[in-house]
Amino acid sequence: MPVFDLSTTPLRDLNSALHGLPAGANDTVFEVINPRGHHAVAVGIDAPVTVEIKGSVGYYCAGMNDGGNVTVHGSAGPGVAENMMSGSVVIEGDASQYAGATGRGGLLVIKGNAASRCGISMKGIDIVVHGNIGHMSAFMGQSGHLVVLGDAGDALGDSLYEAKLFVRGSVKSLGADCIEKELRPEHIEKLSELLELAGISDVRPEEFKRYGSARKLYNFNIDNADAY
Amino acid sequence: MSYHNPPTPPRKSATFDDQTLAEIRRAAATGIYDIRGGGTKRKVPHFDDLLFLGASISRYPLEGYREKCDTTVVLGSRFAKKPITLKTPITIAGMSFGALSGNAKEALGRGATLAGTSTTTGDGGMTDEERGHSQMLVYQYLPSRYGMNPKDLRRADAIEIVIGQGAKPGGGGMLLGQKISDRVANMRNLPKGIDQRSACRHPDWTGPDDLEIKIMELREITDWEKPIYVKVGGARPYYDTALAVKAGADVVVLDGMQGGTAATQDVFIENVGMPTLACIRPAVQALQDLGMHRKVQLIISGGIRSGADVAKALALGADAVAIGTAALVAIGDNDPRWEEEYQKLGTTAGAYDDWHEGKDPAGITTQDPELAARLDPVTAGRRLANYLKVMTLEAQTIARACGKNHLHNLEPEDLCALTMEAAAMAQVPLAGTSWYPGKGGF
Ligand SMILES: Cc1cc2nc3c(=O)[nH]c(=O)nc-3n(C[C@H](O)[C@H](O)[C@H](O)COP(=O)(O)O)c2cc1C
């Protein structure tokens, strides 16, 4: 198993090794030690590799991940798994702002809390947060699922499109055009699937409330101007 | 009529002119601000207010058609492993698929390729047509991140991080439901037929320090191969240029207020941002202060129409220019041949700007398959290539007359200004004097 010690090896070496994998390569499990808050660790993965990061990372860890399975054994800075296409990213600790921003696929699991704007502009990614999320989360969320076992901050789902939000705890306030919606059997099914994928067995999907778009801002109407 | 009571002709107010009155009535009737395409329509100081001096006893000219006047430009030489080389310093600006039809995007790619220059994607992502027909394609990285994906990032020749546009510095975008076809909706991961708003700020960074990390991330993802441009609207060109350089940009794209847009509020287009002419010198100054002039390239856009405009922008210190509106006109936008149809839409050729409605008779700013089919991408591409070649020849003609063997050797010293405003903005002397406002502390 290749081990990259970021206290002695340049980040470039790690990322180019991850990108340059020949088809059918044997070494597909990478370990990163001493990440020391480096930015852009394990970005642009485009093969089914496994990356175990032993420590905390800075901005944009696993950015644009397409097929990799990345675990951060620590906390992650802003924009973790931004624009993820597929694969999975697991954060054992907390995640800073914009976790999973604009993600188009794959699964992001945050075992601690996530700060503000978690899932901003999400476009298909699934995000499961064991703890709480900050304000303006899922702002302009287009599609995908955001599952929060704890509480959500202010203005959840502001200007939401078709992303589906599930919160088990309290929601401080809902953003413009975001409303509580009925939790139907298909949502319970999807929730069970996501909870299982995120390794959560002691929580029932029925404990969640669902939030989605009221779809009132979908086509401009001057009578809705106050909401803009 | 009598001697004691002579008639006076009716007098209209300069403040409340016909256009203003009509806009007040329109707002009162509809309750919605006016949205339109294009750039500012008001007259602002521009390249027309500058002239070249030409050669004289102290400056000898180069022979047209005989002596070489080079036009090549290399973009991205600062950090990118694969900088791009253009045969002409005139590039095609970013215009989205969604705002423009697939055929129009293809035509832009074809024309740019024939002329040896680059074209640019836009808000909405990269289409196969434009990638396939563009030898050099710049991929825009916008706040909306519509269609953004690492595969397209890797098949791009350069990446342009869009922070602002001259038509609307500080504004986001809006593609109205009428133009959201299945394909456009699919590329943007949104339902068909709804208004698609593009955010005004990037979702995962704010400020110059974050930008530096974002640029580093994009470089890591693409293995430091691609030139990274940063595009800003003409607001604070000195500081924006300096900050873009500090953040690690290879190229700064600076778009003045004449720059076109696909759809923005008229109040925004007409009242926010600085004229292109006023943006260039401060940006060049920032590059010079940092020792980065010519190392980080400067692309200027917003109202570029002719080889003279190109030569003037370059003389003021730009490395290249980008064109949007003029490229659309070259491929057939606002062409009088569709006058009858423009009339039906309540407008006239040359004034049609309701591009967001998707009813473009020329088939360019539309997603309607029937209208779009009116534009033949091969012929339109040829027209664009012709136009680009004419502009390049024009710029060379001027450069030779000024004795320059490369367009980049044009300099402010070759220019004079016709008005005080232009003299002040371009920092070149008022014609017939050796002075411009601000020079020598006056
Ligand atoms: C139809 C149209 C669509 C545009 N779409 C975009 C876009 O998606 N992204 C962007 O950065 N600029 C966009 N622009 C602005 C151009 O990139 C460019 O800044 C401007 O057109 C240059 O000014 P000019 O039109 O006077 O040449 C658009 C412009 C037009 C006319």
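The following refers to the structure shown.

## Structural notes on the interface of chain A and chain B
Here comes step 1: Between chain A and chain B, the residue contacts involve 37 residues of the former and 42 residues of the latter.
Here comes step 2: Here chain A meets chain B over a buried area of about 3,300 Å², counting both sides, of which 54% is carbon and sulfur.
Here comes step 3: The tally of links between chain A and chain B comes to 6 salt bridges.
Here comes step 4: Across the salt bridge formed by Glu220 of chain B and Arg12 of chain A, the nearest N and O atoms sit 3.0 Å from each other.
Here comes step 5: Here chain A is connected to chain B by 18 residue pairs in polar contact (both at pLDDT 80 or more).
Here comes step 6: Counting residues per element, the side of chain A that touches chain B draws most heavily on helix H1 (residues 11-19) of chain A, which supplies 5 residues.

## Points about the packing of helix H10 (residues 307-315) of chain B against helix H14 (residues 377-401) of chain B
All names here are of chain B.
Here comes step 1: At their nearest, the axes of H10 and H14 sit 7 Å apart, and the two run at 55° to each other. When the axes of H10 and H14 are compared, the pair comes out oblique. Note that H10 runs across H14; the crossing there is right-handed. From H10, Gly307, Ala308, Val310 and Ala311 reach across to H14, where they touch Met391, Glu394, Ala395 and Ile398.
Here comes step 2: Taken together, the residues of the contact of H10 with H14 sort by class into 6 nonpolar, 1 polar and 1 charged.

## Quick look at the nonpolar core
Here comes step 1: Residues Val51, Val80, Leu108 and Leu146 of chain A together with Ile323 and Ile331 of chain B are the most contacted members of the largest nonpolar core, which totals 140 residues.
Here comes step 2: Setting aside residues up to four positions removed in sequence, Val80 of chain A forms contacts with Tyr60, Cys61, Val89, Ile91, Ala95, Tyr98, Ala99, Gly100 and Leu108 of chain A.

## Considering the sheet that holds strand S3 (residues 50-54) of chain A
Residues and elements named next belong to chain A.
Here comes step 1: Strand order in this open sheet of 11 strands is S1-S2-S3-S4-S5-S6-S7-S8-S9-S11-S10, and the pairing throughout is mixed. The open sheet has two free edges, formed respectively by strand S1 (3-5) and strand S10 (178-181), since each of these has just one partner strand. The average undirected angle you get between the axes of adjacent strands in this sheet is 15°.
Here comes step 2: Note: S1 against strand S2 (residues 29-33), 3 bridges, orientation parallel. Paired with Asp5 across the strands is Ile33, a residue of S2.
Here comes step 3: Most of the contacts of helix H2 (residues 185-197) go to strand S8 (residues 143-148), to which it runs at about 70°, and overall it touches strand S6 (107-110), strand S7 (123-129), S8, strand S9 (164-167) and strand S11 (209-213).

Parameters at a glance
- Along each chain, numbering runs from 1 in the same order as the chain's sequence is written.
- In the order they appear in the text, chains get letters beginning with A and ligands get numbers beginning with 1.
- Residues qualify for local features only when their pLDDT is at least 70, as the model is predicted, and side-chain atom pairs are given and counted only at 80 or more; totals for whole chains, interfaces and linings, by contrast, use all residues.
- Side-chain calculation: all heavy atoms of the structure are included, whereas hydrogens and water are not.
- The contact definition used throughout considers only heavy atoms, calling two residues in contact when any of these lie within 4.5 Å.
- Accessible-area loss on putting two parts together, using a 1.4 Å probe and summing over both, is the definition of buried area adopted here.
- The salt bridge criterion pairs a side-chain nitrogen of Lys or Arg with a carboxyl oxygen of Asp or Glu, the two atoms within 4 Å.
- The term polar contact refers here to a pair of N or O atoms within 3.5 Å; inside protein, the definition further demands a hydrogen-donor-capable atom paired with an acceptor-capable atom, and it admits residues adjacent in sequence only when both atoms are side-chain atoms.
- Under the DSSP-based scheme used, a helix requires at least four consecutive residues in state H or I and a strand at least two consecutive residues in state E, with every element numbered from the N terminus.
- Here the axes come from fitting lines to C-alpha atoms, over the contacting stretch only for helices, and the angles between their N-to-C directions go from 0 to 180 degrees.
- Any angle that falls under 35 degrees is termed roughly parallel, while one over 145 is termed roughly antiparallel, one within 65 to 115 roughly perpendicular, and all others oblique.
- Note: crossing handedness is left-handed where the near helix turns anticlockwise from the far helix by less than a right angle, and right-handed where it turns clockwise.
- In this classification, Asp, Glu, Lys and Arg are treated as charged, Ala, Val, Leu, Ile, Met, Phe, Trp, Tyr, Cys and Pro as nonpolar, and every other residue, Gly included, as polar.
- Only buried residues count toward a nonpolar core, which is a set of Ala, Val, Leu, Ile, Met, Phe, Trp, Tyr and Cys residues joined through side-chain atoms within 4.5 Å.
- Burial classes follow relative accessibility: with a 1.4 Å probe on protein chains only, a residue under 20% of its type's maximum area counts as buried, one over 50% as exposed, and anything between as partly exposed.
- DSSP bridges decide pairing: two strands pair if at least two such bridges lie between them.

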